Every structure is written in structure tokens, then in C-alpha cells.
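The primary structure of each chain is shown beneath.
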Amino acid sequence: MGSGQHRINILIGATVDVILQEDRNTGKLTRGHVKSILTNCSCHQNGIKVMLQEDDKIGRVQNIITYENEHYTITPDTYLNYY
């Protein structure tokens, strides 16, 4: 699981767990794919805010699960070790 607090770790298309605005009090996680990154700063202590492809839901990234496309799959450990 990767850190969702640093913008550089968030990739479009990544599978992530987010806390939606309405779930802040319960901490319920919602899994989805990053459609766009909404946080402009390089890091945020509560997680980078993203819009998910699924129903355009907006939340703060808590965990990065994986990044995939038709050519390859990258896990956060692989991505961070590469750079």
C-alpha cells in the first residue's frame, strides 16, 4: 500500500482507496480509479484529493493499490523503488 499524502505518488488510472467527504466521520474507504487529481500542492496531510472515474466521486487518497494500463502493472513499491 502506498502513501496517498504525496501528489507525485498518484497516477491517473491508479486504483486507490479514498475517504469520501460524507464518510469522513466513519473513515469508510471507497475503492476506485483516479480520473483526475484535484489537489494542487505537492502533499497534503489528510491525503491528496482526487476525482474517481466511478460516478465522479471525490475523496482523499488513503492507500494506493496499483496502477495498471494495457501494457503493464505497477505497484507502489515498484514505482517508488524505480525512482
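As shown above, the structure is provided for reference.
Described below are features of the structure shown in this document. Within each chain, residue numbers correspond to sequence positions counted from 1 in written order. Where local features are concerned, this predicted model is filtered to residues with pLDDT of at least 70; where side-chain atom pairs are given and counted, the filter is 80 or more; whole-chain, interface and lining totals use all residues. Water and hydrogen atoms play no part in the side-chain values, which are based on all heavy atoms of the structure.

1. Here we look at the layout of surface pockets
The condition is simple: A cavity, in this analysis, means grid points on a 1 Å lattice covering only the protein atoms where a 1.4 Å probe fits yet has no way out; a pocket is instead an open set bounded by protein on both sides within 12 Å along at least five of seven lines, and a residue lines either one if it has an atom within 4 Å of a point. Grid points are joined across faces, edges and corners, and a volume is the space filled by probe spheres set on the points. Going along the chain from the N terminus, every DSSP run of H or I of four or more residues is numbered as a helix, and every run of E of two or more is numbered as a strand. Note on residue categories: nonpolar means Ala, Val, Leu, Ile, Met, Phe, Trp, Tyr, Cys or Pro, charged means Asp, Glu, Lys or Arg, and polar means any other residue, Gly included.
Approximately 160 Å³ is the volume attributed to the largest pocket. The dominant element in the lining of the largest pocket, judged by the number of residues it contributes, is strand S5 (residues 58-68), at 4 residues. Grouping the constituent residues of the lining of the largest pocket by class yields 3 nonpolar, 4 polar and 3 charged.

2. Notes on unusual backbone geometry
Going by this rule: Here's how the labels work: a residue is buried when its accessible area is under 20% of the maximum for its type, exposed when over 50%, partly exposed in between, all with a 1.4 Å probe on protein chains only.
Backbone geometry places Asp-55, a non-glycine residue, at a positive phi of 60 degrees. Among the structural elements, Asp-55 can be located in the loop between strand S4 (49-52) and S5. Its relative accessible area of 67% is what places Asp-55 among the exposed residues. Here Asp-56, not a glycine, exhibits a phi torsion of approximately 55 degrees, which is positive. One can find Asp-56 in the loop between S4 and S5. We classify Asp-56 as partly exposed; its relative accessible area is 38%.

3. Here's the deal with the nonpolar core
Definition in use: Here, nonpolar core refers to any group of buried Ala, Val, Leu, Ile, Met, Phe, Trp, Tyr and Cys residues whose side-chain atoms link them within 4.5 Å. In this analysis, two residues are considered to be in contact whenever any of their non-hydrogen atoms come within 4.5 Å of each other.
Membership of the largest hydrophobic core comes to 13 residues, with the highest contact counts inside it found for Ile-10, Val-16, Val-18, Val-34, Ile-37, Val-50 and Val-61. Counting residues per element, the ones that place at least two in this core are strand S2 (14-20), strand S3 (29-37), S4 and S5. No other element matches S2, which puts 4 residues into this core. If we skip the residues at most four places from it in the chain, Ile-10 touches Gly-4, Val-34, Ile-37, Ile-48, Val-50, Val-61 and Ile-64.

4. Digging into the environment of Cys-43
Relative to the helices and strands, Cys-43 resides in the loop between S3 and S4. By relative accessible area, Cys-43 is classed as partly exposed at 40%. Taking the C-alpha atoms as reference points, Cys-43 and Asn-9, separated by 34 residues in sequence, lie 9.8 Å from one another.

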